[in-house]
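# Structure at a glance
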Amino acid sequence: MSSRRAIIIGAGIGGLCAALALRKVGYSVQIFERAPEVTALPTGLALWSNAMFALTVLGVGEEVLRLGSVIDITRSQTADGSVLSDVHIGLIGKKLGVPTVCIHRADLHQILVAAVGRESIQTAMPCTGFVQDGRQVIALFENGTTMRADLLVGADGYRSVVRRQLFPNEEARYSGYTCYRSVVSLVHRALPPGTALTALGHGSEFGLFPCGMGRVYWFATRNQPASIKDSSIGRKGDCLAAFAGFSEPFVQVLHATPDAAIVRHDVYDRPSLPSWSQGRVTMLGDACHPMTPNLGQGACMAIEDAVVLAHALRDEPDCERALHQYEQIRRERTALIASRSYYLGKILTMEDGVLSWFRDRLMNTKLGEVQTESILEKILSYQVPVL
Ligand SMILES: Cc1cc2nc3c(=O)[nH]c(=O)nc-3n(C[C@H](O)[C@H](O)[C@H](O)COP(=O)(O)OP(=O)(O)OC[C@H]3O[C@@H](n4cnc5c(N)ncnc54)[C@H](O)[C@@H]3O)c2cc1C
């Protein structure tokens, strides 16, 4: 068994999955997390078939399936409740042999932390950068500590310090919308088991996904300039005002959610990078390809990255060459999905009444449904290598 050591920066979904994957190929792994506790946002997460396959390779697929909700249909509506289309995700899942699941992020984190082992995660350890020579890499931490390893993986998310060191002048791109999210316990006839519901307004979108144990994950986007603060009526008040025209289950979900349980983020992505690695240092997940959430694939890509990275390192003893191979395999897929997600976001958040009328009419045809299913199947059918 190899005694190669890996340092992972960040205990998000990507970092935790990287730890599981690298261990499977013989690395001893230590994760360093900036926050004082390993926590997850109190929201939900769609794990499409492609990510569920990768989680099964990592040995946690069954547990995710047990705690989450399988999604069979995503139904799109207009804001006032007219059905536009039903996309049969369950049929795609059956064809691929792996379902799509929505889960509470805290549940997913708990599963991943338990699988990695709490003793392998050091919290309150903000990384500030790294130095390396041909033989080793040294991670530098805010408290003056340094750690040596054979490999450093930057899984430190959208504001990655690893990325900043490798690409100091690179800018984020604002999507044009902010996103409110939460999870609430709710039973509603418009949400039978296995059904996720999204509604499109003018410059806004609202989604409801069952996420296990009688809970519903909701997200709602509205177009506005970046960095606008919540108004004096509070976040819930802002949501009730902005989404007042949406049909009953959506408004009911807002009423059922306490103000303090609603999180809000302005949505950004970043341009795709020409490379992700330097020597013994690489990145995965939002650190190297943050994307808008419209395809719900950001975390799914981080999970896939983790397995592909470990597979490349398993088969190629030279670290630098293995990292190059990993990038070669991942760059095109992640860039394509990031770009599709960005433009899908533009379509879903259209403000113009005439254009959004045409969008809705197109979605409301058999051709629209078939095309959506075919695009999704291409994304979902990707299978990472088995470790
Ligand atoms: C509104 C919205 C909805 C979304 N919905 C979905 C969805 O349904 N499905 C999906 O697949 N994706 C979704 N995503 C995307 C998904 O949330 C991200 O892609 C995913 O969380 C990225 O995981 P990560 O591990 O790469 O980064 P992160 O989750 O950002 O984790 C990074 C970790 O690194 C730590 N860290 C940061 N800096 C340092 C440092 N200097 N030193 C040490 N630690 C550090 C952070 O504290 C954090 O724990 C959504 C995103 C948004 C904004």
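Scroll up to find the structure.
A few points on the structure.

Here is what the cut-offs are and how they apply
- Residues numbered from 1 in each chain as written.
- Predicted model: local features only at pLDDT ≥ 70, side-chain atom pairs only at ≥ 80, totals over all residues.
- Heavy atoms only, no water.
- Near = heavy atom within 4 Å.
- Polar contact = N/O pair within 3.5 Å; in protein donor to acceptor, adjacent residues only side chain to side chain.
- Areas by Shrake-Rupley, 256 points an atom, 1.4 Å probe, with all protein chains shown as cover.
- Patch = residues over 30% accessible without salt bridge, like charges linked within 9 Å, V, L, I, M, F, W, Y side chains within 5 Å.
- Salt bridge = Lys/Arg side-chain N within 4 Å of Asp/Glu carboxyl O.
- Helix = DSSP H or I, 4+ residues; strand = E, 2+ residues; numbered from the N terminus.
- Buried < 20%, exposed > 50% of the residue type's maximum accessible area, 1.4 Å probe, protein only.
- Pairing = 2+ DSSP bridges.
- Core = buried A, V, L, I, M, F, W, Y, C linked by side-chain atoms within 4.5 Å.
- Contact = heavy atoms within 4.5 Å.

### Points about the site of the ligand
Surrounding the ligand, one finds 30 residues, the nearest of these being Gly14, Glu33, Ala46, Arg105 and Asp286. Arg34 is positioned such that a nitrogen or oxygen atom in its backbone is 3.0 Å from a nitrogen atom of the ligand. A distance of 2.9 Å is found between an oxygen atom of the ligand and a backbone nitrogen or oxygen belonging to Ala299. A total of 1,000 Å² of accessible area belongs to the ligand in isolation, and the protein chains cover 86% of it.

### A word on a nonpolar patch on the surface
Residues Val354, Trp357 and Phe358 make up a contiguous nonpolar surface patch of roughly 350 Å² in combined accessible area. Counting through the fold element by element, Phe358 comes out in helix 11 (residues 353-363).

### Some thoughts on the pairing of strand 12 (residues 151-154)
Residue alternation in strand 12 divides its side chains into two sets, Leu151 and Val153 and Leu152 and Gly154, and both sets are buried. Looking at chain direction, strand 1 (residues 5-9) and strand 12 are connected through four bridges and run parallel. Across the sheet, residue Ile7 finds its bridge partner in strand 12, namely Leu152. When strand 12 meets strand 18 (residues 281-283), the two strands line up parallel, connected through three bridges. Counted as the bridge partner of Leu152 is Val281 from strand 18.

### Structural notes on the nonpolar core
Leu22 and Leu47 are the most contacted members of the largest nonpolar core, which totals 91 residues. Of all the elements, helix 9 (residues 298-315) adds the most residues to this core, at eleven residues. Dropping the residues within four chain positions of it, Leu47 is found in contact with Met52, Leu55, Val64, Pro99, Thr100, Val101, Ile103, Leu108, Cys300 and Ile303.

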